[in-house]
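Given next are the chains, with one letter for each unit.
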Amino acid sequence: MLAVLVSVLAGCSLIAPVEPAPGSPPASALDQLLAQVAVVPERPDVPGYQRSCKQGDACVFGPAWTDDHDGPGGHDGCGTRDNVLALSLTDLQFRPGTNECVVVAGTLADPYSGEVLPFTKQNANDVQIDHIYPLAAAWDMGAASWPLETRIRFANDLDVNLMAVSGAENQAKSDKTPSDWLPPDPAYHCFYVGRYLTAAVSYGLPVTAADRDAMAAVAQGCP
């Protein structure tokens, strides 16, 4: 946690000034979100989380990337993963005959590393879809008590909780929250914190006191 806070400070102009990436929210917007989000002392460990939907598994957030939900992009004939890729990539190429649904190639400006990454269907794991507020963390922080329909919507919410990102960075993040992980490129800290807080506030999910402090430190360096 200390290492993350040092990184936060470094990205907030206290050690080395970093220009926030385009589209980053101002400090005032982050302060408003921080004032709205509930804060708990620490993340509990709630049993029962199981993402897998194989036979006998709990499937607590529904089938991965299902189109059968009532959120943005739901019931449009395209899986959620392809919806996110279509929104996130440039130079898009679609599989013929899929009504511009199945993305087979494109280019990602990665909002975690700052790198420009090619995407192809053959190397699909190089670009992955991140749940900004991780599903496992959401389960621990309140989603375990939600109706299944709400959990499915949360897991597939294009507007609030999903981004296409570097596969390597998505794996490094795993289910970590902001006190333990921030994008490796400090220019994207303000952007990420804004997205994380928006997801939390939109679904009534709390953050830990350590997460609140880490994000408040980020906000101090935003424009």
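Residues numbered from 1 in each chain as written. Predicted model: local features only at pLDDT ≥ 70, side-chain atom pairs only at ≥ 80, totals over all residues. Heavy atoms only, no water.

Per an unreviewed UniProt entry, the recorded name for the protein is HNH endonuclease, and the organism is Rhodococcoides corynebacterioides.

Caption draft 1: Expanded view of the side chain of Gln128. Tracing the sequence through the fold places Gln128 in strand E5 (residues 127-131). With a relative accessible area of 12%, Gln128 lands in the buried category. One polar contact links Gln128 to Gln171, side chain to side chain, over a distance of 2.8 Å. (Helix = DSSP H or I, 4+ residues; strand = E, 2+ residues; numbered from the N terminus. Buried < 20%, exposed > 50% of the residue type's maximum accessible area, 1.4 Å probe, protein only. Polar contact = N/O pair within 3.5 Å; in protein donor to acceptor, adjacent residues only side chain to side chain.)

Caption draft 2: Spatial organisation of the nonpolar core. Within the largest apolar cluster, 42 residues are counted, with the highest numbers of intra-cluster contacts made by Phe61, Tyr133, Phe154, Leu197 and Leu205. If you list the elements that add at least two residues to this core, you get helix H2 (27-36), helix H4 (135-140), helix H5 (148-155), strand E6 (162-166), helix H7 (189-202) and helix H8 (209-219). When residues in this core are grouped by element, the largest group, eight residues, is from H7. When near neighbours in sequence (up to four residues on either side) are disregarded, Phe154 contacts Phe61, Tyr133, Leu135, Ala138, Trp146, Asn161, Tyr203 and Leu205. Counting 12 residues, the second largest nonpolar core, distinct from the first, contains Leu85, Val103, Ile129 and Leu158. (Core = buried A, V, L, I, M, F, W, Y, C linked by side-chain atoms within 4.5 Å. Contact = heavy atoms within 4.5 Å.)

Caption draft 3: Local environment of the UniProt feature "domain: GmrSD restriction endonucleases C-terminal" (unreviewed entry) in the protein. The UniProt record marks residues 80-217 with the feature "domain: GmrSD restriction endonucleases C-terminal" (unreviewed entry), using the residue numbering of this structure. Secondary structure content for residues 80-217 is 38% helix and 21% strand, and the end C-alpha separation is 33 Å. (UniProt positions renumbered as here; feature names shortened; annotations may be inferred.)

Caption draft 4: A look at the state of the cysteines. Tallied over the full model, the rule gives three disulfides. Disulfide pairing places Cys78 opposite Cys101 at an S-S distance of 2.4 Å. Taken together, the residues span a long stretch of sequence, with Cys78 in the loop between strand E1 (39-40) and helix H3 (80-88) and Cys101 in the loop between strand E2 (90-94) and strand E3 (103-109) at a distance of 23 residues. Like Cys78, the residue Cys101 is buried in the burial classification. Taking only the cysteines that form disulfides and numbering them from first to last, the protein has the pattern 1-2, 3-4, 5-6. (Disulfide = S-S within 2.5 Å.)

Caption draft 5: Molecular detail of the packing of aromatic side chains. The full count for this structure, using the stated rule, is 13 aromatic pairs. Consider the rings of Phe61 and Phe154, whose centres lie 6.4 Å apart with planes at 40°: the pair is tilted. Remark: Phe154 occurs in helix H5 and Phe61 occurs in the loop between E1 and H3; sequence separation between them is 93 residues. Comparing Phe61 with Phe154, the two get one shared label, buried. (Phe/Tyr/Trp six-rings, centres within 6.5 Å; stacked < 30°, edge-to-face > 60°.)

Caption draft 6: Spotlight on the pattern of salt bridges. Enumeration over the complete set of coordinates arrives at five salt bridges. Asp70 is the salt-bridge partner of Arg153, the closest N and O atoms lying 3.4 Å from each other. A residue pair is termed long-range when its members are at least 10 positions apart, and Arg153 in helix H5 and Asp70 in the loop between E1 and H3 qualify at 83 residues. Taking relative accessible area as the criterion, Asp70 reaches 57% and is therefore assigned exposed. Where Arg212 meets Asp213, a salt bridge forms, and the shortest distance between an N and an O atom there is 2.7 Å. A relative accessible area of 30% places Arg212 in the partly exposed class. (Salt bridge = Lys/Arg side-chain N within 4 Å of Asp/Glu carboxyl O.)

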